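Architecture at a glance
The chain contents come next:
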Amino acid sequence: QVQLVESGGGLVQTGGSLRLSCAASGRTFSSYVMGWFRQAPGKEREFVAAITKTGGIRDYPDSVKGRFAISRDNAKNTVYLQMNSLKPDDTGNYYCAASRAIVPIRHYDGYDYWGQGTQVTVSS
């Protein structure tokens, strides 16, 4: 079983950058596909990024492609989300999640474990 803790959220101006981290407990971190999701008030949970077990494949929706980058360091049991060129529409609570799948998953139902979330607010 995996426990996930996000950090790195905060307030940033439009056009700025932010790097989120997700630290995992346990000894089997490398067995999981990792993903990031976000949710703003009144909106559905939205897929942000996913990465395969060894980091060889990454997946992003068009809304963040070219601006966000997911990475992982299995030796540190940590997954990251680098966010550049931030816009107010990026505002939301960001969650990391772990999946037993072997390919990147875009729907939240495909993930087995979730962190508590970290708030990201982009001001104009």
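Let me sum up the structure you'll find in this document. These numbers were taken from a predicted model, which means no experiment stands behind them.

Observations concerning the overall build of the chain
Along the chain, the regular secondary structure elements total zero helices and eleven strands. The order of helices and strands in the chain, counted from the N terminus, is β-β-β-β-β-β-β-β-β-β-β. Taken over the C-alpha trace, the chain has a radius of gyration of 13 Å; the compact-globule value for 124 residues is 14 Å, and the two agree within 12%. Principal-axis analysis of the C-alpha atoms places the extent of the chain at approximately 40 × 25 × 25 Å. The contacts in the chain between residues at least 6 apart in sequence include a share of 59% that link residues at least 24 apart.

Some words on the packing of aromatic side chains
Taken as a whole and assessed by the stated rule, the structure comprises six aromatic pairs. Note on Phe37 and Phe47: the rings are 5.7 Å apart at their centroids and 70° apart in plane angle, and the pair reads as edge-to-face. With Phe37 in strand β4 (residues 33-39) and Phe47 in strand β5 (residues 46-51), this residue pair connects regions lying ten residues apart in the sequence. For the residue pair Phe37 and Phe47, the accessibility class agrees, reading buried in each case.

Notes on the sheet that holds strand β3 (residues 18-24)
The strand order across the open sheet built from four strands is β1-β3-β8-β7, with neighbouring strands paired in antiparallel fashion. Strands at the two margins of the open sheet, each flanked by one partner only, are β1 (4-7) and β7 (68-73). Across the sheet, the axes of successive neighbouring strands diverge by a mean angle of 15°, strand direction being ignored. In this structure, β1 lies alongside β3, joined through four bridges in antiparallel fashion. Residue pairing in the sheet places Val5 in a bridge with Ala23 of β3.

Notes on unusual backbone geometry
What you tend to see is this: most non-glycine residues have negative phi, and most peptide bonds are trans. Residue Asn77 is not a glycine yet carries a positive backbone phi of 55°. With respect to the element layout, Asn77 can be found in the loop between β7 and β8 (78-83). Despite not being glycine, Ser85 shows a phi value in the positive range, around 50°. On the secondary structure map, Ser85 appears in the loop between β8 and β9 (92-99).

Cut-offs used in this document
- Residues numbered from 1 in each chain as written.
- Predicted model: local features only at pLDDT ≥ 70, side-chain atom pairs only at ≥ 80, totals over all residues.
- Heavy atoms only, no water.
- Helix = DSSP H or I, 4+ residues; strand = E, 2+ residues; numbered from the N terminus.
- Rg over C-alpha atoms; globule rule 2.2 N^0.38 Å.
- Contact = heavy atoms within 4.5 Å.
- Phe/Tyr/Trp six-rings, centres within 6.5 Å; stacked < 30°, edge-to-face > 60°.
- Buried < 20%, exposed > 50% of the residue type's maximum accessible area, 1.4 Å probe, protein only.
- Pairing = 2+ DSSP bridges.
- Axes fitted to C-alpha atoms, helices over the stretch in contact; angles between N-to-C directions.

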